[in-house]
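# A closer look at the structure
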Amino acid sequence: MSLDESELPRTEEEWRVRLSPEEFRVLREAGTERPWTGEYVDTKTPGTYHCRACGAQLYPSDTKFDSHCGWPSFDDAIPGSVKEIEDRSLGMSRTEIRCARCDSHLGHVFRGEGFTPKDTRHCVNSVSIRLEPRADA
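Attention in this report is confined to the structure presented alongside it. (Residues numbered from 1 in each chain as written. Predicted model: local features only at pLDDT ≥ 70, side-chain atom pairs only at ≥ 80, totals over all residues. Heavy atoms only, no water.)

## With respect to the pattern of salt bridges
- Summed over all chains, the structure comprises 16 salt bridges.
- The salt bridge partner of aspartate 66 is lysine 44, with a shortest N-O separation of 2.9 Å. Remark: lysine 44 occurs in the loop between helix 2 (21–27) and strand 1 (47–51) and aspartate 66 occurs in the loop between strand 3 (64–65) and strand 4 (73–74); sequence separation between them is 22 residues.
- The salt bridge involving aspartate 136 is made with arginine 134; its shortest N-O contact spans 2.7 Å.
- Note on aspartate 136: relative accessible area 60%, which makes it exposed.
- The class of arginine 134 is partly exposed, set by a relative accessible area of 46%. (Salt bridge = Lys/Arg side-chain N within 4 Å of Asp/Glu carboxyl O. Helix = DSSP H or I, 4+ residues; strand = E, 2+ residues; numbered from the N terminus. Buried < 20%, exposed > 50% of the residue type's maximum accessible area, 1.4 Å probe, protein only.)

Written as structure tokens, this is what we have:
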């Protein structure tokens, strides 16, 4: 495969080459990492969270909050960076969130829980994102 890092894979086999097995399972097969195991659960570093698959900017760190759910939580995404899809995979209705650029699975969004004034929680797998710390942080 001769894709450079800026070119998006076109097939799942190309994604499999680019991503680690765990990244592929979560990002491309809509898996979930175990709660409290992700590298960004407790991170407070200022910066921007990017999609681990394609590098698109997804969440500014100032939207991250402690929800005590076991996964990084954000109350808002960068406009247009995330798309929402109905998910009935566990016999219930949830809203899956995917990267708008590469269609990789990020996690789920929940509303009406009262955690923040925006009343929204993007529950994101750490393996789906990568933090780019702010230069002055």
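## Overview of the side chain of asparagine 125
- In this fold, asparagine 125 is placed in the loop between strand 8 (120–124) and strand 9 (129–133).
- Here the side chain of asparagine 125 touches glutamate 33 through a polar contact of 3.0 Å, landing on its backbone nitrogen.
- In contact with asparagine 125, other than residues within four places in its own chain, are Val26, Gly31, Thr32, Glu33, Trp71, His105, Leu106 and Gly107. (Polar contact = N/O pair within 3.5 Å; in protein donor to acceptor, adjacent residues only side chain to side chain. Contact = heavy atoms within 4.5 Å.)

## Observations regarding the nonpolar core
- Among the nonpolar cores identified, the biggest contains 23 residues, and Leu58 and Tyr59 are the most heavily contacted of them.
- Elements represented by at least two residues in this core include exactly helix 2, strand 1, strand 2 (57–60), strand 6 (94–99), strand 7 (105–111) and strand 9.
- Excluding its chain neighbours within four sequence positions, the residues that come into contact with leucine 58 are Tyr49, His50, Cys51, Ala77, Ile78, Ser81, Val82, Cys99, Leu106 and Ile129. (Core = buried A, V, L, I, M, F, W, Y, C linked by side-chain atoms within 4.5 Å.)

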